[in-house]
Amino acid sequence: MRVSQAKELFCQLVSSYFAGAEVTFTRQSRVAKPQIPLVTLTPGNVKRPLAPVYKMIDGTLVGHYASQISMQIDLFTHGRPVVDEETGRIVAYENTAIDDMMYFVDFLNSQHTIEWCHKHDVAILIDGDAQDLTSLVNDNNYEFRSKLVVMFYFTQKSIGHSAILLEGSIQYPTGEVDPDTGEEIYTQNEPEENESTTGQFGGASEDIAGIVVPKFEETSSGGGTKELAERDTGYFTEAEIKEEKINEVGRLHNI
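Residues numbered from 1 in each chain as written. Predicted model: local features only at pLDDT ≥ 70, side-chain atom pairs only at ≥ 80, totals over all residues. Heavy atoms only, no water.

*Asks:* Honestly, the overall build of the protein chain in this entry has me stumped. Any pointers?
*Replies:* When helices and strands are counted, the protein chain shows 5 helices and 12 strands. Here the protein chain, with 255 residues, has 29% of them falling under the buried criterion. Across the protein chain, contacts joining residues at least 24 apart in sequence account for 60% of those joining residues at least 6 apart. Per element, the accessible surface of the protein chain, about 17600 Å² overall, is 48% carbon and sulfur. (Helix = DSSP H or I, 4+ residues; strand = E, 2+ residues; numbered from the N terminus. Buried < 20%, exposed > 50% of the residue type's maximum accessible area, 1.4 Å probe, protein only. Contact = heavy atoms within 4.5 Å. Areas by Shrake-Rupley, 256 points an atom, 1.4 Å probe, with all protein chains shown as cover.)

Next comes the structure, spelled out in structure tokens:
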């Protein structure tokens, strides 16, 4: 999963909860000013280890980077209207920004989100406390505001000798056979694990074999070339080991 995919996946999760609000990323140019209720997402820096964990898939070297990116979530709301019981008119608005954010925290810690993370092979952890920024930010456009930061964990894959093949190059068996050709059908979607070493899913599952169908796409900044993508990594399928015996008695006699 690349960073752009990770951000879009997290946005989908947030949007599924805040269905009645507009959810958008910040720092976007030429975007119309949104209305509230509004939820904005601000991605932070990406952290990952210096070297990946390597694995061979279909004779191709595949590196796995355990990555994490911070996501700042800002909630803007008018609050809850306070109604005069005698006149029935709205006389004020109650600040519910922090309450609304804490309800969202409950959603992130729910079994629903845990199963969603397991399905997409990601993880979400709360980083710090939810903050009420209403009195800290001088902004007349929004009445009430709160902030939460989470860490979003995912895995990036580097494929091939030059590590520039698309992650979609790895394909997995579906268990189905093409009725016309009789060949097994493969898909880019990684199969969902239904077993685990811990938790409610039971015992450990085995690795599912895949194949690599090289796919390459030049980056928007002109990175990568077709020539680099076509380079292969050599590897050994077997090796011959010879045992050399030394006549210890003869060697000691000569000494």
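*Asks:* Explain the packing of helix α1 (residues 3-17) against helix α2 (residues 97-108) here, please?
*Replies:* How two helices sit against one another is set out by the angle between their axes and by the gap between those axes. Across the interface, α1 lies against α2 with an axial gap of 11 Å and an inter-helix angle of 120°. It follows from the interaxial angle that α1 and α2 lie oblique. Crossing geometry of α1 relative to α2 is assigned as right-handed. Every residue of α2 that contacts α1 at L13, V14, S16 and Y17 is listed here: D100, Y103, F104, F107 and L108. Tallied by class, residues from the contact of α1 with α2 come to 7 nonpolar, 1 polar and 1 charged. (Axes fitted to C-alpha atoms, helices over the stretch in contact; angles between N-to-C directions. Parallel < 35°, antiparallel > 145°, perpendicular 65-115°, else oblique. Left-handed = near helix turned anticlockwise from the far one by under 90°. Nonpolar A, V, L, I, M, F, W, Y, C, P; charged D, E, K, R; others polar.)

*Asks:* Before we go on, may I ask you to explain the environment of Q68 in this structure?
*Replies:* Summarising the element assignment, Q68 is placed in strand β4 (residues 60-77). Since its relative accessible area comes to 21%, Q68 is described here as partly exposed. Once the C-alpha coordinates of Q68 and A123 are considered, the two residues, 55 residues apart in sequence, prove to be 9.1 Å apart. Those residues in contact with Q68, other than ones at most four positions away along the chain, are N45, V46, K47, M151, F152, Y153 and F154.

*Asks:* Help me out: how do you make sense of the side chain of T24 in this one?
*Replies:* Following the sequence through the fold, T24 ends up in strand β1 (residues 22-25). Among residues more than four places away in sequence, those in contact with T24 are L38, V39, T40 and L41.

*Asks:* Would you take a moment to explain the environment of T187 for this structure?
*Replies:* Summarising the element assignment, T187 is placed in strand β11 (residues 184-187). Distance in space between the C-alpha atoms of T187 and T174 is 6.6 Å, their sequence separation being 13 residues. Setting aside residues no more than four positions away along its own chain, T187 makes contact with I170, Q171, Y172 and T174.

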